[in-house]
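So the chains spell out like this:
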There are 4 protein chains.
Amino acid sequence: MTITPDIRREIDRLRVEVAALHSELIRWNLVVWTAGNVSARVPGADLLVVKPSGVDYQDLTPASMIVTDLDGVVVEGDRAPSSDTAAAAYVFRELDWVGGVVHTHSTYATAFAARREPIPCVLTMMADEFGGPIPVGPFARIGDDSIGRGIVETLRSSRSHAVLMANHGPFTVGRTARAAVKTAAMCEEVAHAVTVARATGEPHPIDPADIDALYDRYQNAYGQQPLMQGHAR
Amino acid sequence: MTITPDIRREIDRLRVEVAALHSELIRWNLVVWTAGNVSARVPGADLLVVKPSGVDYQDLTPASMIVTDLDGVVVEGDRAPSSDTAAAAYVFRELDWVGGVVHTHSTYATAFAARREPIPCVLTMMADEFGGPIPVGPFARIGDDSIGRGIVETLRSSRSHAVLMANHGPFTVGRTARAAVKTAAMCEEVAHAVTVARATGEPHPIDPADIDALYDRYQNAYGQQPLMQGHAR
Amino acid sequence: MTITPDIRREIDRLRVEVAALHSELIRWNLVVWTAGNVSARVPGADLLVVKPSGVDYQDLTPASMIVTDLDGVVVEGDRAPSSDTAAAAYVFRELDWVGGVVHTHSTYATAFAARREPIPCVLTMMADEFGGPIPVGPFARIGDDSIGRGIVETLRSSRSHAVLMANHGPFTVGRTARAAVKTAAMCEEVAHAVTVARATGEPHPIDPADIDALYDRYQNAYGQQPLMQGHAR
Amino acid sequence: MTITPDIRREIDRLRVEVAALHSELIRWNLVVWTAGNVSARVPGADLLVVKPSGVDYQDLTPASMIVTDLDGVVVEGDRAPSSDTAAAAYVFRELDWVGGVVHTHSTYATAFAARREPIPCVLTMMADEFGGPIPVGPFARIGDDSIGRGIVETLRSSRSHAVLMANHGPFTVGRTARAAVKTAAMCEEVAHAVTVARATGEPHPIDPADIDALYDRYQNAYGQQPLMQGHAR
């Protein structure tokens, strides 16, 4: 693959952005040790930028990021890419509106994944962000396309940009890597609040018509950067 | 509306204060991403100062704050105000003793809101601060006056300066924006402690006469700045 | 009361120490807003050094600390002392081995207090530090000696240096203010671990003979500063 | 014992490393006050480097670390070594592949220890790191070899590098001190997630064949430093 000056600029911009976004995973308490990562599609190229495997968050620099093609083959970088790169690459191949993929093992979302139970939509914030429950994807081993396929199939049957892979943890997507990180943070927060709500009683359901109204308003009107919040389908 | 030099000074002071108070939302773990905001009434004018919508807390500066009138129409600022501005403006119009309004989705308070269940007053700290249970307001969609109306009606029937809007989260008020932030922090803390208390048993109730005695003492005697703690009714 | 040069030095040393110890309350997540305080007896004098009431932790300086006599009457300082000063003063009057008193509303210890239930001794760390369960004191209004009396009576019937005042929260004591802060941190930690242990089952009891053996070893052998860990009775 | 220049270099390197690793215990929220420690075997010598007893984490420096022989007798240092040194020394004597031992009282792992209940392997992250459940060791008093013996016997019957000592807390081992700290962090994280999963339902089990496959892949392929992740047996 020839890397044109335009693509070079995009790669270099994304090296900075993806390295910095890992500090948001720490900031919002979504990861322990090295158990989470962010990847971003390079616009205009069949490439992605991703965290190197097994490296501490505080040691990440733009230069240490790995560039792979959309089959996960390393194009730039002297370390192995995150072991979740195959899953992210599959998502980028199948869903062309997705610009970023995030994987964490954040505690409360992972607890729902351990029970293989969707997070019910009982909070207005969930209706805003996810448009309904956060669904569960299939159990899949790491090492082939089964995780990526499980993510894509589950995303296609839901308005949610987050999927809880069974017994594993949340994967989130977004138009940008930053939007996918935001969704990872919101996914953990609603998992936490719903868990607490159920620990001593039962949440009150929200009327589906209200969920639709909240979702439509939020996706169309909220924030200064509608593209970051938007939903392609 | 003519902005006199006195009002100009108040606006500029509140731009600094409101921007800084958002860091208290982070400090006390009340918000995730951009999901919370502070607004302050401008003394002597039908104006308020509020956070811009969808902007990260670390990017807030005095200059980036938005000024609106009490119908939520932007008077100063080049971004949209927080989507909760209409609710805050309604509260300022209806309750003239209120100088600040805070909204968060803090986890434990939101969990009570999801069950549409008041937080029972089983802690002396709750008796001090809230004078009884923290009440639940109605379910309301964003976009008209129904959230503001729900907050005001619920506040009028309680000594609490916090309201849990159903399936949504806490809104708090105070004589100043700082007092409203303090109430938001205390609301989350008592929601947390009461949830934990109920997770493995039942809290012991406090005699209503003791609640009254604790509340009266605290509102009249505690602290160096009684106006900040005071209650107009 | 005449303040000799020796006592002057002690007061000035304790102003620094007590101001700094409040940051440990924040560091170990024991307090929200201003809801906690540390006080220290001035050796050789019937005086104590305590936090001013209603002041933010980040604004505390040695100079802002308040000095009172052991009836709680202000001797040095231009603000009111913490509203818990009467309770601390009572403890210093009654228990001459106590050099420091700490009060917090730390979440998990307060949850036990809300149920008026002692924390059972099911952890070796509890046996080490507390020598048995952490007991509950009576319900008491603020404003007279009833809180101080409740603390002292409960301490006298237990090896624990922590008391959970009913529906209120933990009070801890130590030979020094620093030791009392350590006990406040350990009290919250064991309250948290025991709550979690009971959330999904029942802890296994520890044999009373093992509790005694652990306590004796720890109080006599642990650490570099046995005076800080020691127990007068 | 003669300390050759080579061993001198190893000791000095480990003084720096072990002092620094204690800040990871704080960073990942595994310890309160001084309740946790790290020790490292000195390669090529029957020596270990360990934290001094009862010293605050922020006061640790390379020079303040203690060096003992593998019977726990102090060789360098002017303070007592951690009271867990005997247990670590026993582990180093018995398991020659172990280069580091960590002990904490981290909240959620300790809660399982209080119930004397293994952490079930219901998360892919657990299968990766621990290869099955995290086992419980016997109840043992501090002061002789019974803790060390309990750790070693339990490790020998499991693939896990973490052991939950009954009513006490987790001990973890690794080829290096850093690997043992990572295992301590992961042990607490999975204890937390599994506790949350069980608080409102039951986790879905993972097929033992999938656990084996995940474990084999992770131990052989993950990360940049396979030695740090590896497993000797």
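Residues numbered from 1 in each chain as written. Chains lettered and ligands numbered in written order. Predicted model: local features only at pLDDT ≥ 70, side-chain atom pairs only at ≥ 80, totals over all residues. Heavy atoms only, no water.

Under an unreviewed UniProt entry, the name given to chain A is L-ribulose-5-phosphate 4-epimerase, and the source organism is Nakamurella flava. What UniProt states about chain A under its Catalytic activity (unreviewed entry) heading is, verbatim, "L-ribulose 5-phosphate = D-xylulose 5-phosphate". The UniProt entry for chain A carries this comment under Sequence similarities (unreviewed entry): "Belongs to the aldolase class II family. AraD/FucA subfamily." (UniProt positions renumbered as here; feature names shortened; annotations may be inferred.)

Per the secondary structure count, chain A includes 8 helices and 8 strands. Taking 2.2 N^0.38 as the reference for a compact globule, 233 residues should give roughly 17 Å; the C-alpha atoms of chain A span a radius of gyration of 17 Å, in line with that estimate. With respect to the three principal axes, the spread of C-alpha positions in chain A is 55 × 35 × 30 Å. Relative to its 233 residues, chain A shows a buried fraction of 65%. (Helix = DSSP H or I, 4+ residues; strand = E, 2+ residues; numbered from the N terminus. Rg over C-alpha atoms; globule rule 2.2 N^0.38 Å. Buried < 20%, exposed > 50% of the residue type's maximum accessible area, 1.4 Å probe, protein only.)

Residues and elements named next belong to chain A. When the pLDDT values of chain A are averaged, the result is 93; 94% of them are 70 or greater. Note on residues 224-233: pLDDT is under 50 here. Beyond four places in sequence and across chains, it has 31 contacts. In the predicted assembly, ipTM is 0.93 and pTM is 0.95. (pLDDT = per-residue confidence, 0-100. Contact = heavy atoms within 4.5 Å.)

Moving on, we get to the pairing of strand 2 (residues 47-50) of chain B. Residue and element names in this part refer to chain B. The two faces of strand 2 match: L47 and V49 on one face and L48 and V50 on the other face are all buried. Pairing between strand 1 (residues 36-42) and strand 2: 4 bridges, direction antiparallel. Bridge assignment links V42 to a residue of strand 2, and that residue is L47. Once strand 1 ends, the chain turns through 4 residues before running back antiparallel as strand 2, passing G44 with a positive phi of about 85°. The pairing of strand 2 with strand 3 (residues 66-69) spans 4 bridges and is antiparallel. Across the sheet, the residue bridging to L48 is T68, located in strand 3. (Pairing = 2+ DSSP bridges.)

Look at the UniProt record and you will see "domain: Class II aldolase/adducin N-terminal" (unreviewed entry) annotated at residues 16-195 of chain A. Its end C-alpha atoms 35 Å apart, residues 16-195 of chain A is made of 38% helix and 19% strand.

Rotating chain A by 90° and translating it 0.0 Å along the rotation axis places it on chain B, where the RMSD comes to 0.0 Å. The superposition operator between the copies reduces to a four-fold rotation axis. Of every C-alpha in chain A, the one belonging to A199 of chain A sits nearest the axis of rotation, 4.7 Å from it. (Least-squares fit on C-alpha atoms with pLDDT ≥ 70 in both.)

In this section: helix 3 (residues 107-115) of chain B. Where burial is concerned, most of helix 3 of chain B is hidden: 9 out of the 9 residues are buried. Contact partners of the buried residues in helix 3 of chain B: helix 6 (177-199) of chain A together with strand 7 (162-165), strand 8 (169-174) and helix 6 (177-199) of chain B. After helix 3 of chain B finishes, the residue R116 of chain B shows a positive phi value of roughly 55°.

This part is about the interface of chain A and chain B. In this complex, chain A contributes 33 residues to the contact, which on the side of chain B involves 31 residues. The contact between chain A and chain B buries some 3,000 Å² in all, and 59% of this surface belongs to carbon and sulfur atoms. Across the contact surface, chain A and chain B share 2 salt bridges. A salt bridge links R178 of chain A to D56 of chain B; its shortest N-O distance comes to 2.3 Å. Summed over the shared surface of chain A and chain B, the number is 11 residue pairs in polar contact (both at pLDDT 80 or more). (Buried area = accessible area lost by both parts, 1.4 Å probe. Salt bridge = Lys/Arg side-chain N within 4 Å of Asp/Glu carboxyl O. Polar contact = N/O pair within 3.5 Å; in protein donor to acceptor, adjacent residues only side chain to side chain.)

The interface is formed by 33 residues belonging to chain C together with 31 residues belonging to chain D. Carbon and sulfur atoms supply 59% of the area buried between chain C and chain D, which totals about 3,000 Å² over both sides. Taken together, the connections running from chain C to chain D amount to 2 salt bridges. Counting the contacts that link chain C with chain D gives 11 residue pairs in polar contact (both at pLDDT 80 or more). For the side of chain C that touches chain D, the secondary structure elements donating two or more residues are helix 1 (5-27), helix 4 (124-130), helix 6 (177-199) and helix 7 (208-221) of chain C. Its residues assigned to classes, the side of chain C that touches chain D shows 17 nonpolar, 8 polar and 8 charged. (Nonpolar A, V, L, I, M, F, W, Y, C, P; charged D, E, K, R; others polar.)

With that settled, consider the packing of aromatic side chains. Enumeration over the complete set of coordinates arrives at 4 aromatic pairs over all chains. When the centroid spacing of 6.3 Å and the interplanar angle of 45° are considered together, the rings of W28 of chain C and W33 of chain D count as tilted. Linking W28 of chain C in the loop between helix 1 and strand 1 (36-42) with W33 of chain D in the loop between helix 1 (5-27) and strand 1 (36-42), this pair reaches from one chain into another. Across the pair, exposure class does not vary: W28 of chain C and W33 of chain D are buried alike. Its end group placed over the ring of Y57 of chain B, K51 of chain B keeps NZ or CZ at 5.4 Å from the ring centre. Its end group placed over the ring of F112 of chain C, R115 of chain C keeps NZ or CZ at 4.7 Å from the ring centre. (Phe/Tyr/Trp six-rings, centres within 6.5 Å; stacked < 30°, edge-to-face > 60°. Lys NZ or Arg CZ within 6 Å of the ring centre and 35° of its normal.)

The next subject is helix 6 (residues 177-199) of chain D. With 23 residues, helix 6 of chain D should cover 33 Å at 1.5 Å per step; its first-to-last C-alpha distance of 33 Å lies within 8% of that length. By the criterion of burial, helix 6 of chain D is predominantly enclosed, with 21 of the 23 residues buried. (Expected span 1.5 Å × (residues − 1).)

Next up on the list: the arrangement of the chains. Of all C-alpha pairs spanning chain A and chain C, none lies closer than 9 Å, and the two are not in contact. Looking at chain B next to chain D, you find no contact at all, with the nearest C-alpha pair sitting 9 Å apart.

This brings us to the pairing of strand 1 of chain B. Within strand 1 of chain B, 7 of the 7 residues are buried, which leaves it mostly tucked inside the rest of the structure. Both faces of strand 1 of chain B are covered, namely the face carrying G36, V38, A40 and V42 of chain B and the face carrying N37, S39 and R41 of chain B.

Here we come to the packing of helix 3 (residues 107-115) of chain A against helix 6 of chain D. Where helix 3 of chain A contacts helix 6 of chain D, the two axes come as close as 8 Å, and the packing angle between them is 60°. The angle between helix 3 of chain A and helix 6 of chain D falls in the class oblique. As for the relative orientation of helix 3 of chain A and helix 6 of chain D, their crossing is right-handed in sense. Contact residues: T107, Y108, T110, A111, A114 and R115 of chain A in helix 3 of chain A; E189, H192, A193, V196 and A197 of chain D in helix 6 of chain D. (Axes fitted to C-alpha atoms, helices over the stretch in contact; angles between N-to-C directions. Parallel < 35°, antiparallel > 145°, perpendicular 65-115°, else oblique. Left-handed = near helix turned anticlockwise from the far one by under 90°.)

Turning to the environment of Y90 of chain C, a few remarks are in order. All names here are of chain C. Among the secondary structure elements, Y90 is positioned in helix 2 (residues 85-94). For Y90, a relative accessible area of 12% puts it in the buried group. Measuring from C-alpha to C-alpha, the distance between Y90 and G148 comes to 5.2 Å, with 58 residues separating the pair along the chain. For Y90, the contacting residues outside a window of four places in its chain are D145, G148, R149 and V152.

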